[in-house]
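Structural overview for review
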Amino acid sequence: MQGNGLKIGFIIAFLVLTTWYLIPSIQWSLEQNYIEELSTSEAAQYREDNAAKLQDLRDNKLSLGLDLQGGMHVTLEVGTAQLIQELAGEDRDSLLTNVIQEARTNAIEQDLDFIDEMVRIFEERDPNARLSRYYRNDAMNITRRSTNQEIAQFLKTQRQSALDRAIEIIRSRVDRFGVTEPSILKQGTNRIIVELPGVEDKERVRNLLKGTARLEFRLAADAQEFGNFIQQSYNYFDQLAQDTTAQSDSVAGANMFDMLLPSDSPYVFGYAEARDTSAVYDIIRQPEIQRMMPRNTTLMWSANPFPTETGGELFQLIGVRTQVELTGDVIEDASIQFDPATNVPEVSMSMNSEGARKWGRITGANIGKPVAIVLDGYVFSYPNVQNKISNGRSSITGLDGVAEAEDLVNILLSGALPAPLDIIEERTVGATLGEASINAGLNSVLYGLMIVAIFMIIYYRTGGGIADLALLLNIIFILGILAAFKATLTLPGIAGIVLTIGMAVDANVLIFDRIREEQRTGKTIKASIEAGYANAMSAIIDANVTTFFVALILFSFGVGPIKGFAVTLMAGIVSSLFSAIVITRVIVDYLSRTKQDAVSFG
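Below is a summary of the structure that appears in this document. (Residues numbered from 1 in each chain as written. Predicted model: local features only at pLDDT ≥ 70, side-chain atom pairs only at ≥ 80, totals over all residues. Heavy atoms only, no water.)

Turning next to the overall build of the protein. Within the protein one finds 20 helices and 17 strands. The C-alpha atoms of the protein give 34 Å as radius of gyration, which overshoots the globular expectation for 602 residues (25 Å, by more than 25%). On the principal axes, the C-alpha backbone points of the protein span a range of 110 × 70 × 55 Å. Taken across its 602 residues, the protein has 43% of its residues classed as buried. Counting contacts in the protein only where the partners sit at least 6 residues apart, residues at least 24 apart contribute 70% of the total. A total of about 31,000 Å² of accessible surface is found on the protein, and carbon and sulfur atoms cover 53% of it. A gap of 8 Å separates the mean positions of the 51 positive and 72 negative side-chain charges of the protein. (Helix = DSSP H or I, 4+ residues; strand = E, 2+ residues; numbered from the N terminus. Rg over C-alpha atoms; globule rule 2.2 N^0.38 Å. Buried < 20%, exposed > 50% of the residue type's maximum accessible area, 1.4 Å probe, protein only. Contact = heavy atoms within 4.5 Å. Areas by Shrake-Rupley, 256 points an atom, 1.4 Å probe, with all protein chains shown as cover. Lys, Arg positive; Asp, Glu negative; His and termini not counted. Charge placed at Lys NZ, Arg CZ, Asp CG, Glu CD.)

What follows is the structure, given as structure tokens:
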């Protein structure tokens, strides 16, 4: 051991340090095995009594990726077209709308940047026209004289800002949802990747991520005018259904009566089942119907259905004013409350001083009339105003249950998304599949390790046994490094460990073959070992450094499983170099000095 004191000290320190970081993972695994043996009530009681301890172990254990513990992977895309259209505000016209629609189609089909394509189409239609007639921003020096390229850069900045804001809001919503170890990453210019381990209720997560949380307070349509519109529309559909000369219109009229049930309310156009709401809306948008519609009035579906006597569920098509009286920006706080009479959950909201003042004015001027509370384009409720509300409080009723109320409070408190988000990819990994992946990964590591260990002992004798010991320590080092840096172990990460096992052995193969070559020249065992390690070092360093740079590139540009693979590979390269060069050298030196006859390299 002479001269190796410093190396031995490093080995012991590295082993103790990595083992220390792995202890929470071992304790967590033992705790989970113990809890699984308990009954449901005993397990719940044990978790409650040891909540702090379990939380501490959870925070410090080696994290498992979505593919190993199950969960949900969602890729969201910011609705750039909607954002660009809304930025134009009241200045947008049919030309801009058509350009945006064409640019959106081309961008999807040809994988182009939407904003660049929009500018190209706009200039193609009128080379002398300027986009500055739609977009102004004094803070960013965007004026009527700004060029189209300056407008394009301004729009890209707004898109980037919307993406960053959307990530913050989604992170806030996910944290409030209670998911542990979520992963929320930006991808490209307009996409967000969200990974939620352990999530089972997919529909609830979809609504949580997609909801833009655009809360609006609108007055209901004028009862007299809207009642006349309902009567005229139904007469129109009745005439269509009886008109045998216009076959397609006749079918549309007949279909409308099949899908839409009339209402007695002067504010409800009719009732329809969920499967018919889209078709009904398409018919309502016909120019003939729109011409009959009272000015400043539009139709919106109710957010939640009500049950019928036959066991079905119907949604209301409600008439509301197009003008938004108040938005959700004035909401300061939201909480779940329960109706004292029915114990049904509802969301209670309080407004800031400016919102309370406007709310008081709105309710004071519309006593006896309904005010619709609209969230993301759906009417949650339209209660009659009984008296002037001066304290700035209001509530959203008609919710399905406590879970929906909790999610709604979460969304309102997190803020409104700057632009709609579309789910363009969704993958779900079940817990059972994750457990199967863990078992398959462990088996691959064990079988690979056994095959390599047997080969090394047969081919390199004592040297092979030393390399096998270094391999075992190498795996402990890799897992300890991952735990220390809070990295996540994924299925590709396990593949990285298997690859590292091969690379670690490869270094020892180079060293041991060099030693054998030196022995054939007649050198002593000590001289052969010295020369073998020295001559093999350059090839080992070159191979591992180049592989490390490749892993670094994968880590920099990869996402999800690729990044997990890169992290494990980098940790494996560092630990395998240490174990293959330092640990084996210390053991070989010790054996060559004390038991020269026992040292053999095949």
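This part is about the nonpolar core. Phe512 and Phe601 are the most contacted members of the largest nonpolar core, which has 38 residues in total. Within the residue set of this core, elements represented by two or more residues are helix 16 (431–460), helix 17 (462–484), helix 18 (491–520), helix 19 (525–557) and helix 20 (561–594). For this core, the element with the highest residue contribution is helix 18, accounting for nine residues. Discounting chain neighbours no more than four positions away, the residues touching Phe512 are Met456, Tyr460, Gly463, Gly464, Ala467, Tyr533 and Phe601. (Core = buried A, V, L, I, M, F, W, Y, C linked by side-chain atoms within 4.5 Å.)

Looking at helix 5 (residues 80–88), one finds that the buried residues are Thr80, Ala81, Leu83, Ile84 and Ala88. Angular distribution of buried residues about the axis of helix 5 spans 165 degrees; they occupy a single face of the element. In the segment just after helix 5, Gly89 is the residue with positive phi, at about 60 degrees. (Arc of directions from axis to C-beta.)

Turning to the packing of aromatic side chains, a few remarks are in order. Within the structure shown, the criterion is met by 14 aromatic pairs. Considering the side-chain rings of Phe477 and Phe578, the 5.9 Å spacing of their centres and the 65 degrees angle between planes classify their relative orientation as edge-to-face. Placement of Phe477 in helix 17 and of Phe578 in helix 20 is noted, with a sequence separation of 101 residues between them. On the basis of relative accessibility, which here comes to 18%, the residue Phe578 falls in the buried class. Above the plane of the ring of Tyr533 lies Arg585, whose end atom (NZ or CZ) is 4.8 Å from the centre. (Phe/Tyr/Trp six-rings, centres within 6.5 Å; stacked < 30°, edge-to-face > 60°. Lys NZ or Arg CZ within 6 Å of the ring centre and 35° of its normal.)

The next thing to look at is the sheet that holds strand 16 (residues 421–429). The antiparallel open sheet is built from four strands, whose spatial order is 3-4-2-16. If you trace the sheet from one side to the other, it starts and ends with strand 3 (183–187) and strand 16, each paired once. Put simply, the sheet's adjacent strands are angled 15 degrees from each other on average, direction ignored. In this sheet, strand 16 lies alongside strand 2 (residues 71–78) in antiparallel orientation, the contact comprising eight bridges. Looking across to strand 16, one finds that Thr75 is bridged to Glu425. (Pairing = 2+ DSSP bridges. Axes fitted to C-alpha atoms, helices over the stretch in contact; angles between N-to-C directions.)

It is worth spelling out the environment of Ile100 at this point. The topology assignment puts Ile100 in helix 6 (residues 94–110). On the basis of relative accessibility, which here comes to 3%, the residue Ile100 falls in the buried class. It is 8.9 Å that separates the C-alpha atoms of Ile100 and Phe122, two residues lying 22 residues apart in sequence. The residues contacting Ile100, other than those within four sequence positions of it, are Ala81, Ile84, Gln85, Phe114 and Met118.

The strand order across the open sheet formed by four strands is 10-5-13-14, and the pairing between neighbours is antiparallel. The sheet terminates laterally at strand 10 (326–327) and strand 14 (378–381), the two strands that pair on one side only. Relative to strand 14, strand 13 (residues 371–375) is paired through three bridges, and the arrangement is antiparallel. Across the sheet, Ile373 pairs through a bridge with Ser381, a residue of strand 14.

This part is about helix 19. Between its terminal C-alpha atoms helix 19 stretches 47 Å, which fits the 48 Å expected from 33 residues at 1.5 Å a residue. Taking the largest bend as the criterion, helix 19 deviates by roughly 40 degrees, centred on Met537. Among all positions in helix 19, only Ile525, Ser528, Ile529, Ala531, Gly532, Tyr533, Ala536, Ile540, Asn544 and Ala551 are buried. (Expected span 1.5 Å × (residues − 1). Bend = angle between axes of the 7 residues up to and from the residue.)

Here helix 6 crosses helix 7 (residues 114–125) at 130 degrees, and the two axes come no closer than 8 Å. By the angle between their axes, helix 6 is oblique relative to helix 7. Crossing hand, helix 6 versus helix 7: right-handed. For the pair helix 6 and helix 7, the contacting residues are Leu95, Asn98, Val99, Ile100, Glu102, Ala103, Arg104, Asn106 and Ala107 in the first and Phe114, Glu117, Met118, Arg120, Ile121, Phe122 and Arg125 in the second. (Parallel < 35°, antiparallel > 145°, perpendicular 65-115°, else oblique. Left-handed = near helix turned anticlockwise from the far one by under 90°.)

This part is about the packing of helix 1 (residues 5–37) against helix 3 (residues 51–60). Axes are the key here: two packed helices are described by the angle between their axes and the distance separating the axes. Closest axis-to-axis distance for the helix 1/helix 3 pair is 8 Å, and the angle between their directions is 130 degrees. Put simply, helix 1 runs oblique to helix 3. The hand of the helix 1/helix 3 crossing is left-handed. Contact residues: Tyr21, Pro24, Gln27, Trp28, Glu31 and Ile35 in helix 1; Lys53, Leu54, Leu57, Arg58 and Asn60 in helix 3. Of the residues assigned to the contact of helix 1 with helix 3, the class counts are six nonpolar, two polar and three charged. (Nonpolar A, V, L, I, M, F, W, Y, C, P; charged D, E, K, R; others polar.)

Glancing now at the side chain of Asn508. Relative to the assigned elements, Asn508 resides in helix 18. Engagement of the side chain of Asn508 in a polar contact is seen with the backbone oxygen of Ala580, the distance being 3.3 Å. Setting aside its immediate chain neighbours within four residues, Asn508 contacts Met456, Ala467, Ala580 and Thr584. (Polar contact = N/O pair within 3.5 Å; in protein donor to acceptor, adjacent residues only side chain to side chain.)

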